[in-house]
There are 2 protein chains.
Amino acid sequence: MAKAPKTAITPTREEDYAEWYQQVVKAAELAENSAVRGCMVIRPWGYALWENIRDGLDKMFKATGHVNAYFPLFIPLSFLEKEAEHVEGFAKECAVVTHHRLEAGPNGGLVPAGELEEPLVVRPTSETIIGATYAKWVQSYRDLPILINQWANVVRWEMRTRLFLRTTEFLWQEGHTVHETSAEAWEETRKMLEVYKTFAEEYMAMPVLTGEKTAGERFPGAVSTLCIEAMMQDRKALQAGTSHFLGQNFARSSNILYQSREGKEEYAWTTSWGVSTRLIGGMLMTHADDDGMVMPPRLAPSHVVLLPIIRQDSERESIEKYCNEIADKLRQQVYHGRPVEVVVDTRDLNAGEKGWQWVKKGIPVRLEVGPRDMESGGVFVARRDRGAKEKYGQNKDEFISGIAALLDEIQHGLLEKALNFRKENTREINDYEKFQKFFTPKDKEKPEIHGGFASSHWCDGAACEEKVKNDLTVTIRCVPFDREAGGVGRCVVCGQPSKGRVTFAKSY
Amino acid sequence: MAKAPKTAITPTREEDYAEWYQQVVKAAELAENSAVRGCMVIRPWGYALWENIRDGLDKMFKATGHVNAYFPLFIPLSFLEKEAEHVEGFAKECAVVTHHRLEAGPNGGLVPAGELEEPLVVRPTSETIIGATYAKWVQSYRDLPILINQWANVVRWEMRTRLFLRTTEFLWQEGHTVHETSAEAWEETRKMLEVYKTFAEEYMAMPVLTGEKTAGERFPGAVSTLCIEAMMQDRKALQAGTSHFLGQNFARSSNILYQSREGKEEYAWTTSWGVSTRLIGGMLMTHADDDGMVMPPRLAPSHVVLLPIIRQDSERESIEKYCNEIADKLRQQVYHGRPVEVVVDTRDLNAGEKGWQWVKKGIPVRLEVGPRDMESGGVFVARRDRGAKEKYGQNKDEFISGIAALLDEIQHGLLEKALNFRKENTREINDYEKFQKFFTPKDKEKPEIHGGFASSHWCDGAACEEKVKNDLTVTIRCVPFDREAGGVGRCVVCGQPSKGRVTFAKSY
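Note that the coordinates shown come from a computational prediction; the quantities given were computed from them, not determined experimentally. (Residues numbered from 1 in each chain as written. Chains lettered and ligands numbered in written order. Predicted model: local features only at pLDDT ≥ 70, side-chain atom pairs only at ≥ 80, totals over all residues. Heavy atoms only, no water.)

K.L.:
I keep staring at the overall build of chain A and nothing clicks. Help me out?
P.N.:
The secondary structure content of chain A amounts to 15 helices and 27 strands. For a compact globule of 508 residues, the expected C-alpha radius of gyration is about 23 Å, and chain A comes in at 26 Å, within 12% of that figure. The principal-axis extent of the C-alpha atoms belonging to chain A is close to 80 × 60 × 60 Å. In chain A, which comprises 508 residues, the proportion classed as buried is 59%. By sequence separation, contacts in chain A at least 24 residues apart represent 70% of the contacts at least 6 residues apart. When the accessible surface of chain A is summed, it comes to about 21400 Å², and 47% of that surface belongs to carbon and sulfur atoms. Looking at charge distribution, chain A has the averaged site of its 66 positive side-chain charges lying 3 Å from that of its 73 negative ones. (Helix = DSSP H or I, 4+ residues; strand = E, 2+ residues; numbered from the N terminus. Rg over C-alpha atoms; globule rule 2.2 N^0.38 Å. Buried < 20%, exposed > 50% of the residue type's maximum accessible area, 1.4 Å probe, protein only. Contact = heavy atoms within 4.5 Å. Areas by Shrake-Rupley, 256 points an atom, 1.4 Å probe, with all protein chains shown as cover. Lys, Arg positive; Asp, Glu negative; His and termini not counted. Charge placed at Lys NZ, Arg CZ, Asp CG, Glu CD.)

And the structure:
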């Protein structure tokens, strides 16, 4: 009987998807749980990935006219209360600062002291605290638009956490803009969703659907929430970014008034939009395999690792020299606007073990270099997007001059593969029986394995939305912008008329 | 009678230094107070400056072998308590999270609910929370050194705050390293102090003294604290950065144990080092003048502003086109490793008002471009390091090709000027009467105006240190590393033998 192939990650996706995810995060040294409930430690390899995400997005934000600023971590409770829906949405998950000192307690240890007159909430999002400042900055239409982004940490007290996907503290960016007209605020909301889509697809190699959330899934206080949604390898949807049209709701609660061109006092129109360290979880579940992480080259902390294969100590110096020469030449190459990043791994470990560590970390290309390669002026190349044992020899100069093309081939291949996966697991479904079947796991032991995305008609009724949620834990992920182009039909749940199909899925 | 020259900032440094500082921060649009006590809003121009500080330092950290990571915002109270001196040092300024939700209170509003079993302190610094993770990572000498830095926000509850100099929340970086031996940890502590000194002088154009803090001024829990100290324009000292040799204190309290090369279990040796948004306050008080901020070119958010001078609407298009052409060519020039950053200010405001706004923001170079300049192929140049009205004409191509040299001349000029200022205001003082006189304001209305830095002998006694603090609010800023090279003497306070001079000053 053929043995099952040995994988670097145990269990495999097939065996236990949720546990596989945790094991990949661990094996790739991306992050780990800390001593503080729900707060993670982002390890250097994971943080370098986040820095690349940040820098890539930041460039796109600046190219669309935005600047960065920084606002307080704390929000006075009364500010949060100003927008009724908003505070209701976040009240259950607020970390609250109530004291500003520690002093000796009755039992010897320290206890909180110096009670604050007004409790401070650690920001779960910053609309209300930023709004208070904007109200001071905005007097006239001449002060508009305000186009500001903030890179920050936020806290949402979560009961069940999962590294990157749902943590009590996470890192994110939040854009907060103010406009003269509804049309301009809408344009901004759509533009930033497009930026997210472009970033997800071109940098992360993660295809996304775009559309509008239903009323039930909106950001608390928003008039409309737009989103990007990606399909993970367990066929569930991940909401990867949102862009909110806030109308005049927050301008009203924060009193952002401006004098219009006609000389009238008007409430301004605002938007907000954000993505977070959750993107790392999404990237992992898009590309990683049973051998660990797979980094898309445009975001990979390093592109190439050189692994000297040294069998005798006498070879060490010359092989390491040869590797360093190759590394220096590679670093002079540019891929996608940044110099190729190279590691020469000279640690005193056996080559096989080292190689597997880099496979698990997902570095796009590994080069093995032994005495024979050196003699022949060659390198032995392994691509992370191919099987771990598939390797080929190449002349070193050809490898060096072709590195940008190779990385781009890997980048595009990852996107292609993810697009195909989504296509294979998306169905147009027109009756509720098939719909139920699609979302019901065939194997009760593996409840995560189910159909994928269902593109189905919906009557726009909250009751039908509620029913699929209760029956199947399925939600409407997004209402496509071009929904009506696909033609009318009948609601997959109740049979009433529908303006067009929407996307249903299970989700994170 | 000659009129006093009109300045863009009121009051001037001479008239009211503390108020001048606030007015420069405001006029330069660097930051402002928020609705949350002691927390500031860092405005886009100030934040862009911080981004440049961050990027400059980050490159130096990476060049010295460090990587970035991210650790939790919250510290369980029990962790902080593990190091006795440490918690004592920070207990009075801790923001404490005690609840994790909000619920309807008896009077209608929301109140904190969901009390935590153990209160969480918002990190004032991260030795204890990072130590808990390091204890898991470190098993053997093979795991050492750990060389990690974190960019983060921290909170220290301050009663009297001042934008950038002392705020409840501030942004900073904190390096936390672990080593096998005391010697290696000492080497790291010194090396990072050198990095800070280089950065302060070469980027910020802010000269600094380096040395060791006395026992009384040490970081709580450290064995030794090294520092960089700068002289501000009111002749007071600003502690601008610190690097701590922590010995085995935090390794003991966090249980960072490793198996040594000899197979024994040993406590590791740790260091920590940090600089913060305080640097912006230091830069301001080093270079700003009575017309506002002066940005050192290597950190300036933008280097050059072009101000089209338009007298008739018919000229607008051609002048703006001319300006944009110059701007594009300037952007192709590189200064100190980054492309020259240029703003073309086409706002519909009068040219004088626009010009003054940029003076106050401290942009290094302003170019005025009117119809005659355009005809002659010239520009009208104003340098921020010269008087606001001092301007000269130059051929545009010569200006463009000379921009990097011009910016470097400004950069070096600022450092030179600050070095001279410090030299003029530093005295060797050998008797206590003169010492008292040096530190006693001549004008009681302006208590800040006093001597500057006194280089005086000290017996190493805490009593003498205490006395000058009580008599004159003067402290020992640092004990120079080469203290003994200057020769022995007698303590300026008590007359007992001294190993060498130390630096005394009033401070922020």
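K.L.:
In this structure, what is going on with the interface of chain B and chain A? I would like to understand it.
P.N.:
Frequently, the measure chosen for interface size is the accessible area that the parts lose on association. Between chain B and chain A, the residue contacts involve 62 residues of the former and 62 residues of the latter. Across the chain B to chain A interface the summed buried area is about 4900 Å²; carbon plus sulfur atoms make up 67%. When the buried area of chain B at its contact with chain A is split by residue, Y70, H100 and L102 of chain B rank highest and sum to 13% of it. Among the ionic pairs, K136 of chain B bridges to E32 of chain A, the shortest N-O distance being 3.6 Å. Relative to strand β5 (residues 96–104) of chain B, strand β5 (residues 96–104) of chain A runs antiparallel, the two being bridged by 3 bridges. Counterpart to V96 of chain A in the pairing with β5 of chain B is H99 of chain B. (Buried area = accessible area lost by both parts, 1.4 Å probe. Salt bridge = Lys/Arg side-chain N within 4 Å of Asp/Glu carboxyl O. Pairing = 2+ DSSP bridges.)

K.L.:
How do you make sense of unusual backbone geometry when you look at a structure like this?
P.N.:
It is generally the case that most residues other than glycine have a negative phi and that most peptide bonds are trans. Residue P145 of chain A is reached from L144 of chain A by a cis peptide bond, and omega for that bond is -5°. Among the structural elements, P145 of chain A can be located in the loop between α5 (127–137) and β7 (146–155). Following T10 of chain B, the chain continues into P11 of chain B via a peptide bond in cis, with omega recorded as -5°. Its place among the elements puts P11 of chain B in the segment before α1 (17–27). Here F164 of chain A, not a glycine, exhibits a phi torsion of approximately 70°, which is positive. Here F164 of chain A shows up in the loop between β7 and β8 (169–179). If you check the backbone angles, T473 of chain A has positive phi at about 50° while not being a glycine.

K.L.:
Just checking my understanding: could you explain the packing of aromatic side chains for this structure?
P.N.:
Here a ring pair, both rings aromatic, is described through the centre-centre distance and the interplanar angle of the planes. One pass over the full model with this rule turns up 38 aromatic pairs over all chains. Residues Y17 of chain A and W20 of chain A carry aromatic rings whose centres are separated by 5.1 Å and whose planes lie at 40° to one another, so their mutual orientation is tilted. Residue Y17 of chain A and its partner W20 of chain A are both found in helix α1 (residues 17–27); the two are separated by 3 residues, about one turn of the helix. W20 of chain A shares its class with Y17 of chain A; the two are buried. An angle of 85° between the planes, with centres 5.9 Å apart, marks the rings of F170 of chain B and W172 of chain B as edge-to-face. A relative accessible area of 10% means that W172 of chain B is categorised as buried. Taken together, the ring pairs connect W50, F61, W151, Y196 and W273 of chain A into an aromatic cluster. Over the face of the ring belonging to F79 of chain B we find K82 of chain B, whose NZ or CZ atom lies 4.2 Å from the ring centre. We note R190 of chain B situated over the ring of F481 of chain B; from NZ or CZ to the ring centre the distance is 4.1 Å. (Phe/Tyr/Trp six-rings, centres within 6.5 Å; stacked < 30°, edge-to-face > 60°. Lys NZ or Arg CZ within 6 Å of the ring centre and 35° of its normal.)

K.L.:
Looking at this structure, how should I read the relation of the copies chain B and chain A?
P.N.:
Mapping one chain copy onto the other needs a rotation about an axis and a shift along that axis. Once turned by 180° and shifted 0.0 Å along the axis, chain B lies on chain A with an RMSD of 0.0 Å. Put plainly, the chains are arranged around a two-fold axis. No C-alpha of chain B approaches the rotation axis more nearly than that of V97 of chain B, which lies at 2.1 Å. Looking at the interface residues of chain B, 100% of them are also at the interface in chain A, so both copies use one shared face. (Least-squares fit on C-alpha atoms with pLDDT ≥ 70 in both.)

K.L.:
Help me understand empty space enclosed by the protein, please; the structure alone is not making it clear to me.
P.N.:
Which parts of space are left empty comes out when a probe the size of a water molecule is rolled across the atoms. The tally for this structure, following the rule as stated, stands at 8 cavities of 30 Å³ or more. In this structure, the largest cavity encloses a volume near 360 Å³. Breaking the lining of the largest cavity down by element, the ones donating at least two residues are α2 (44–63), β7 and β8 of chain A together with α2 (44–63), β7 (146–155) and β8 (169–179) of chain B. The leading source of residues in the lining of the largest cavity is α2 of chain A, at 4 residues. The residue inventory of the lining of the largest cavity, partitioned by class, reads 14 nonpolar, 2 polar and 3 charged. (1 Å grid on protein atoms, 1.4 Å probe; cavity = no way out; pocket = protein on both sides within 12 Å on 5 of 7 lines; lining within 4 Å. Points joined across faces, edges and corners; volume = space filled by probe spheres on them. Nonpolar A, V, L, I, M, F, W, Y, C, P; charged D, E, K, R; others polar.)

K.L.:
Would you mind showing me how to read the pairing of strand β15 (residues 304–308) of chain A here?
P.N.:
It is a general feature of regular strands that their side chains alternate between the two faces of the sheet. All names here are of chain A. Most of β15 is tucked away: 5 of the 5 residues are buried. Burial of the side chains of β15 extends over both faces: V304, L306 and P308 are buried on one face and V305 and L307 on the other. With 3 bridges connecting them, β15 and strand β18 (residues 342–344) associate as parallel partners. Its bridge partner lying in β18, V304 is registered against V342.

K.L.:
Whenever I open this one, the domain arrangement of chain A confuses me. Can you help?
P.N.:
Residue and element names in this part refer to chain A. Split by domain assignment, chain A resolves into domain 1 (29–287), domain 2 (304–407) and domain 3 (425–505). Centre-to-centre, using C-alpha coordinates, domain 1 lies 41 Å away from domain 2. If you look at the interface, domain 1 gives 4 residues, while domain 2 gives 5 residues. Together, the buried faces of domain 1 and domain 2 total about 430 Å²; carbon and sulfur atoms form 59% of this surface. Our count for the domain 1 to domain 2 interface comes out at 1 salt bridge. The tally of links between domain 1 and domain 2 comes to 1 residue pair in polar contact (both at pLDDT 80 or more). (Domains from an automatic or database assignment. Polar contact = N/O pair within 3.5 Å; in protein donor to acceptor, adjacent residues only side chain to side chain.)

K.L.:
Can you walk me through the packing of α2 of chain B against helix α8 (residues 278–287) of chain B in this structure?
P.N.:
What describes two packed helices is the angle between their axes and the distance between those same axes. All names here are of chain B. Running from N to C, α2 and α8 cross one another at 105°; their axes reach a closest spacing of 10 Å. Taken together, the axes of α2 and α8 are roughly perpendicular relative to one another. Side by side, α2 and α8 meet where G46, L49, W50 and I53 of the first sit next to L279, I280 and M283 of the second. Its residues assigned to classes, the contact of α2 with α8 comprises 6 nonpolar, 1 polar and no charged. (Axes fitted to C-alpha atoms, helices over the stretch in contact; angles between N-to-C directions. Parallel < 35°, antiparallel > 145°, perpendicular 65-115°, else oblique.)

K.L.:
How should I be thinking about the pattern of salt bridges in this particular structure?
P.N.:
A side chain with one charge can pair with a side chain of the opposite charge if their charged atoms come near. Residues and elements named next belong to chain A. In total, this model carries 63 salt bridges over all chains according to the counting rule given. A salt bridge links D385 to R383, with the nearest nitrogen and oxygen atoms 2.9 Å apart. Linked by salt bridges that have partners in common, R383, D385, R386, E390 and E409 make up one network.

K.L.:
What should I look at first to understand the sheet that holds β15 of chain A in this one?
P.N.:
All names here are of chain A. Read from one edge of the open sheet, 5 strands run β18-β15-β19-β20-β21, paired in mixed fashion. Since the sheet does not close on itself, it has two edges, and those belong to β18 and β21 (391–395), each with one partner. This sheet shows a mean twist of 25° between the axes of neighbouring strands, independent of strand direction.

K.L.:
I'm lost on the packing of α2 of chain B against helix α6 (residues 182–202) of chain B in this one. Help?
P.N.:
Residues and elements named next belong to chain B. One way to put it is that α2 packs onto α6 with a least axis distance of 11 Å and a crossing angle of 140°. As judged from the angle between their axes, α2 and α6 are oblique. Remark: the crossing between α2 and α6 carries right-handed chirality. Seen from α2, the contacting residues are I53, G56, L57, M60 and F61; seen from α6, they are M192, V195, Y196, T198 and F199. For the contact of α2 with α6, the residue count by class is 8 nonpolar, 2 polar and no charged. (Left-handed = near helix turned anticlockwise from the far one by under 90°.)

K.L.:
What exactly am I supposed to notice about a negative patch on the surface here?
P.N.:
Residues E14, E15, D16, E19 and D443 of chain A make up a contiguous surface patch of negative charge. Structurally, the position occupied by E15 of chain A is in the segment before α1. (Patch = residues over 30% accessible without salt bridge, like charges linked within 9 Å, V, L, I, M, F, W, Y side chains within 5 Å.)

K.L.:
Hey, could you run me through the sheet that holds strand β27 (residues 501–505) of chain A in this one?
P.N.:
Sheets are built from strands paired through backbone hydrogen bonds, the pairs being either parallel or antiparallel. Residues and elements named next belong to chain A. What the 4 strands build is an open sheet, ordered β22-β23-β27-β24; its pairing is mixed. In this open sheet, the two strands that pair with only one neighbour each are β22 (426–428) and β24 (475–478). The sheet shows a mean angle of 40° between the axes of neighbouring strands, direction not considered. Of the strand pairs in this sheet, strand β23 (residues 453–457) and β27 are connected by 4 bridges, and their pairing is antiparallel.

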